[in-house]
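Examination of the molecular architecture
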Amino acid sequence: MKKKVLAAILAVVMAGLSLTGCGSDAGSSSSSDGQAQTESASQGEEGAGSEDAGQEPAEVEEIVFAYMTQNNIPEAADMQRIENLVNEYTIEKINTKVNLVVFSNADYMNQVNLMLASGEQLDIFRALGTSHLPYIKDGTALDITEYFDDELKEAKEVFYHDEFLNPTSVNGRVYGINCMGSNYIPGGFTYRSDITDELGIDMSQVKKTEDLTAVFEKVKAAYPDMIIIDPNRANDNFGNYLGKVAYIDPLGDNIQAPVSGVAYQKEPTVVNMYETEDFVNICNLARDWYNAGYYASDAATSTATTAELFMSGNCFGTFCGLGNPKIAAQYTTNYGYSFENVQITESMIWADSTGAWMVNSASKAPAAACKFLNLLYTDAYLDNLIVYGEEGVDYVLDENGCAVAPEGYTDLNSVAYTCNMNYHYWGNKWITLPVPGGLIGEENEAQIAKNYAGEHSVYYGFLFDFSDLQAEYTACQNIVNEYKKSLWVGAADVETTINEMNERLYAAGMDKLIAEKQKQLDEWLSQQ
């Protein structure tokens, strides 16, 4: 762990600029403003000296930042209001004017690719849900290595570890930066604690996935018409078990549904995960649960959301990742019933070849773009402005310093501007204000420490470039997409379904993908 960096992060937390700001009387904005005023005063003195020396003030740079939202797209007037506040800050702090462009998560990559293809100005963008390697390989992503000596220096100092930039680096050169979201994410199950209390079920006895079977049996006996397991998060059960119990690394693919081969921690041989004993075992467990009625009979096709199921009062629990170990408190607030979590796996961190934030190589102001990226990882005021909007208008701080809706609004999602559902989609989540039920004080400090100390896969930093096999990769993805939900919820016969899926995968070229990944992995390992 970077002890110096962790101490710095915790100092920021204690100052009220990060998630533990909800334990401070001072809000994130005021703390950041105070820092900005101090730095601005210092810069102003330096600027005065420069003018006395006859130097012209530097011309303000202008960049375009394209980001994404799961909330409603704000009205133009509200977007302009937030952009004005951003620029009041960034022009003074980094001499840069920022044009904000926001798209929905669903439209983001299509719109970004159109902007890139047309030559429209776009300085900072993300590979959302897709590999960033093609953007590096075709020269779209700028080599930002040299900017870490100056423009990105502060950001580098707060990264989780020295290898944090490996998944966005090629041949020792850095082309992007991943988000600092939850790094330490044990597998868990969030459940109705009012039901377990009523039935006298001791959840402290649940230590692993298989232990849940006895719990489900008791709940189903008492509530025969209840849906015991939320099918929307059945994929998390597979991801948690395969990645954090079996310790399989998807090697840049999706652990829940990989199509290009995986490797175990102790054996650097790329294999088809769907032929492993571990995959068959977790499928059989899901099948047993389905046959016992713990999943609804229509689990593979149901369109009911997690929120709808829990708000109906007729669902017992859901699989999850415990990046926020107090996620159950948010469920309690949101859904009107008492919830608790139980941890069922440890955490394992592997590299992801998707999601990097990059600077467009066509940018006319790359240094300014990097300065803005730097602020996204280090500046709480700017981060919270983009996440929650304007304090006092789009959110206020409650008595604990947590972000809540202003008077007259039902919740944070109903205000004029918010991007709170994507709070972890850029920069550093640890400088974002929490909502009620989030981590505060010592709990938050402990979670930050776990994120810096989390166990990493032996293959961390390996990137699989499948660009020469794009057709095979896409074909295999389409095949897996046909089968995955029915396997996740146990709605299909395991042996028959897996055999049929594998036959189709090999016919579509999975063997070529595995062979190419093995070749690239061997080369990467030889350089470590």
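So, here's what we can say about the structure. (Residues numbered from 1 in each chain as written. Predicted model: local features only at pLDDT ≥ 70, side-chain atom pairs only at ≥ 80, totals over all residues. Heavy atoms only, no water.)

**Quick notes on the sheet that holds strand β11 (residues 315-321)**
Read from one edge to the other, the open sheet built from four strands follows the order β7-β11-β6-β12, with strand pairing classed as mixed. The sheet terminates laterally at β7 (227-229) and β12 (339-343), the two strands that pair on one side only. The sheet shows a mean angle of 20° between the axes of neighbouring strands, taken without regard to direction. Judged from the five bridges that link them, strand β6 (residues 187-192) and β11 form a sheet pairing that is antiparallel. Within β11, the residue paired with glycine 188 across the bridge is cysteine 320. (Pairing = 2+ DSSP bridges. Helix = DSSP H or I, 4+ residues; strand = E, 2+ residues; numbered from the N terminus. Axes fitted to C-alpha atoms, helices over the stretch in contact; angles between N-to-C directions.)

**Details of the pattern of salt bridges**
Per the counting criterion, the structure on display carries 13 salt bridges. The residue aspartate 78 makes a salt bridge to arginine 81 at a minimum N-O spacing of 3.0 Å. Residue aspartate 78 and its partner arginine 81 are located together in helix α3 (residues 76-94), separated by three residues, close to a single helical turn. In terms of burial, aspartate 78 and arginine 81 fall into one category: buried. When the shortest N-O distance is used, the salt bridge between arginine 81 and glutamate 390 registers 2.9 Å. Taken together, the residues arginine 81 in helix α3 and glutamate 390 in the loop between α14 (380-388) and β14 (396-397) connect sequence positions 309 residues apart. Owing to a relative accessible area of 23%, glutamate 390 belongs among the partly exposed residues under this scheme. A cluster of three or more residues bridged by salt bridges with shared partners is formed by Asp78, Arg81, Glu390 and Asp394. (Salt bridge = Lys/Arg side-chain N within 4 Å of Asp/Glu carboxyl O. Buried < 20%, exposed > 50% of the residue type's maximum accessible area, 1.4 Å probe, protein only.)

Structural measurements only, silent on function.
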